[in-house]
Structure formats: structure tokens, C-alpha cells
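# Breakdown of the fold
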Amino acid sequence: MIRLENVSKSYNDKMILENINFEVEQGDRVVILGKSGSGKTTLLNIIATIDSNYSGNVYLFNNYLSKLKNSDIAKLRRDQLGFIFQDFGLLENFNIEENILLPSRSAGKDIKKDEYFNKLIDVLNIENLLKRYPSELSGGEKQRAAIARAIIKKPKLVVADEITSALDIYTSKELIIYLDDVVTKFNITLLMVTHDLEVARVCNKVYFIRHGHLIELDNLNSAEKLFYQESNEG
Ligand SMILES: Nc1ncnc2c1ncn2[C@@H]1O[C@H](COP(=O)(O)OP(=O)(O)O)[C@@H](O)[C@H]1O
Ligand SMILES: [Mg+2]
């Protein structure tokens, strides 16, 4: 579904990603862990077609991105990718229901409040928040709404960047339970980047990024050791 071939990127002569080779298959739940500044967002933005300034090849849903026109890439991003961000990204002037339905409308798939919508808001427990505005929600509630917005258009892939960073530890744990449930029930292919080992528990494939390289790990205990090593390196 996704394949990176020798992807490299540097900023001002500083190598951030060095010859990354990486694959995601349909149904995978992948997490890329790493310290702040290790290049997680840089890598995710390349895969999510936000950043096209890199060397190497990215293969996404049967296409090499370099072979597609910009308009086709924009369409792919709009229709096939769901995004969840650290800062929720909800539009303040729209209520929660409108926020959730907007992306499906702009994708030209007029998914109204059908069975899929009802199941989604039920699993995420946001039924009674639909008429409220983002400013009237807690961080955890906003992130649940943002998850619904990412999934409503039935994307092929959901990408998530540090989705628990703005939440306290209890709300994070609660969000992880909701995320796990929704990813399972809706059979989501998930690619997350985070420095939070807790949220990584939702995933079944674990990678660690450091010094521009991606290392595949057997389990989260190995990730914990690598974080520990990194903090000792200073
Ligand atoms: N637009 C940019 N210009 C210059 N350097 C950048 C830019 N964006 C990110 N960087 C640098 O690239 C490195 C990786 O950043 P990032 O991918 O955001 O890390 P992470 O998401 O793992 O915290 C950092 O050293 C950061 O300072
Ligand atoms: Mg980041």
C-alpha cells in the first residue's frame, strides 16, 4: 500500500532522513517512535503528500507520487487520506457535526448522517457533543471528534502525528482506548508518529527513528531501551 524507496531529506545540509526504506500493508497499524527532532513529522509529511521536496521514491496506493500530477495528488490527499494532528485542527466557526461532515462533503461523497456516521459517533462516544462548538469541548473530546472527522470519508490510510501531546496522561489513556476500539471496528490502516510509548500500544508494527535511520523493533520494550539510550547520549 505504501512503499518508500531510498527516501532522503536534509534541511540546510543537515541530513534528517537518510535512505529510508519502509513498507505499510493494508490493515497494518504502524507506529514510528523517536525523540523530539528525530524527523518523525518530516517523514510523515512526505508519506502524506504534504512535502514533495525529498529524494528517492514514494509509492502510495498503486502510484509513484513522482508520476502523478499535482491535481491528482491533491485529490488523493483529500479522498484517500485521513489526518489526526496534535492540535486537533477543528474549525472554530463550525459545530462538531459540521466539522465531522465537512471533509466528506468536500471529497464529493455526500455522506450524511447515515449508519456509518451513527456507528462512528457511537464508538467514539461523541453523540451529545455534535451541536457544540470546538471551544466548548475538552481536549480529549476534541481529539475524539478529530478522529471521527478523519475516518468519516473512509480513507485508505489514517495518519496521526503526536495525537496525545496536548492531553494530560489520564485523557491520553482514555483516548488510546477509543482509538484502539475505532481502529479495530472500522478496520483502519493506521500510521502514527509519536514519542508517547502509551499511544504506541495501539499498533502492531513498531519502528524507531534516530540519526536519520528507521529501525524495526520486535516490541515496545526495545523502544523504551532506545529512548533511554538516547537520553544518555544527551
Ligand atoms: N522547515 C524546516 N526548516 C529547517 N529545519 C527543519 C524544518 N522542519 C524541521 N526541521 C528540522 O528537522 C528536524 C526534524 O524535525 P521534525 O521532523 O519536526 O522532528 P519530530 O517530528 O521528530 O520532532 C529537526 O531538527 C528540525 O529542527
Ligand atoms: Mg513532530
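My aim in this report is to walk through the structure given alongside it, one point at a time. Quick caveat: nothing in here was measured; it's all calculated off a predicted structure.

## So, the sheet that holds strand β4 (residues 55-60)
Within the open sheet, the four strands sit side by side as β2-β1-β4-β5. Their pairing is antiparallel. Edge strands, defined here as strands with exactly one partner in the open sheet, are β2 (14-24) and β5 (63-64). Judged from the five bridges that link them, strand β1 (residues 2-11) and β4 form a sheet pairing that is antiparallel. Note on β4: the bridge partner recorded for S8 is S55.

## Overview of the pattern of salt bridges
Under the criterion given, the structure shown has 13 salt bridges. Of the charged contacts, one joins K9 and D51 as a salt bridge, the two residues approaching to 2.9 Å between their closest N and O atoms. Note that K9 is positioned in strand β1 and D51 in the loop between α1 (40-47) and β4, a separation of 42 residues in sequence. As far as burial versus exposure is concerned, K9 and D51 are alike and both buried. As a salt-bridge pair, E97 and K131 come within 3.2 Å of each other at their nearest N and O atoms.

## Here we look at the packing of helix α5 (residues 139-151) against helix α6 (residues 169-185)
Where α5 meets α6, the axes come as close as 10 Å, and the angle between the chain directions of the two elements is 20 degrees. The orientation of α5 with respect to α6, classified from their angle, is roughly parallel. α6 is crossed by α5, and the crossing has right-handed handedness. Packed against α5, whose contacting residues are G140, Q143, R144, I147 and I151, the element α6 presents T171, E174, L175, Y178, L179 and V182 at the interface. Residue composition of the contact of α5 with α6, by class: six nonpolar, three polar and two charged.

## Some details on unusual backbone geometry
Phi is positive for N6, which is not a glycine, with a value near 50 degrees. Mapping N6 onto the fold places it in strand β1. A positive phi angle, close to 70 degrees, is found at F88, a residue other than glycine. Summarising the element assignment, F88 is placed in the loop between β6 (81-84) and α3 (96-106).

Scoring rules and cut-offs
- The written sequence of each chain sets the order in which its residues are numbered from 1.
- Note on labels: chains are lettered from A, ligands numbered from 1, in written order.
- This being a predicted model, a pLDDT of at least 70 is required before a residue's local features are given, and a value of 80 or more before pairs of side-chain atoms are given or counted; all residues contribute to the totals for chains, interfaces and linings.
- Side-chain metrics rest on all non-hydrogen atoms present in the structure, leaving aside hydrogens and water.
- Strand pairing follows a simple DSSP-based rule, namely that at least 2 bridges must link the two strands.
- A run of DSSP states H or I qualifies as a helix once it reaches four residues; a run of E qualifies as a strand once it reaches two. Both are numbered from the N-terminal end.
- We define a salt bridge as a contact between a side-chain nitrogen of Lys or Arg and a carboxyl oxygen of Asp or Glu at a distance within 4 Å.
- Only protein chains enter the calculation, and the probe is 1.4 Å; a residue is then buried if its accessible area is under 20% of its type maximum, exposed if over 50%, and partly exposed in between.
- Between N-to-C directions, angles span 0 to 180 degrees; the directions come from axes that are lines fitted to C-alpha atoms, helices contributing only their stretch in contact.
- Each angle gets one of four labels, with under 35 degrees taken as roughly parallel, over 145 as roughly antiparallel, 65 to 115 as roughly perpendicular, and the rest as oblique.
- It is the rotation of the near helix from the far one that decides the hand of a crossing: anticlockwise by less than a right angle makes it left-handed, clockwise makes it right-handed.
- In what follows, a contact means two residues having at least one pair of non-hydrogen atoms within 4.5 Å.
- Ten residue types, Ala, Val, Leu, Ile, Met, Phe, Trp, Tyr, Cys and Pro, are classed as nonpolar, four, Asp, Glu, Lys and Arg, as charged, and the remainder, Gly among them, as polar.

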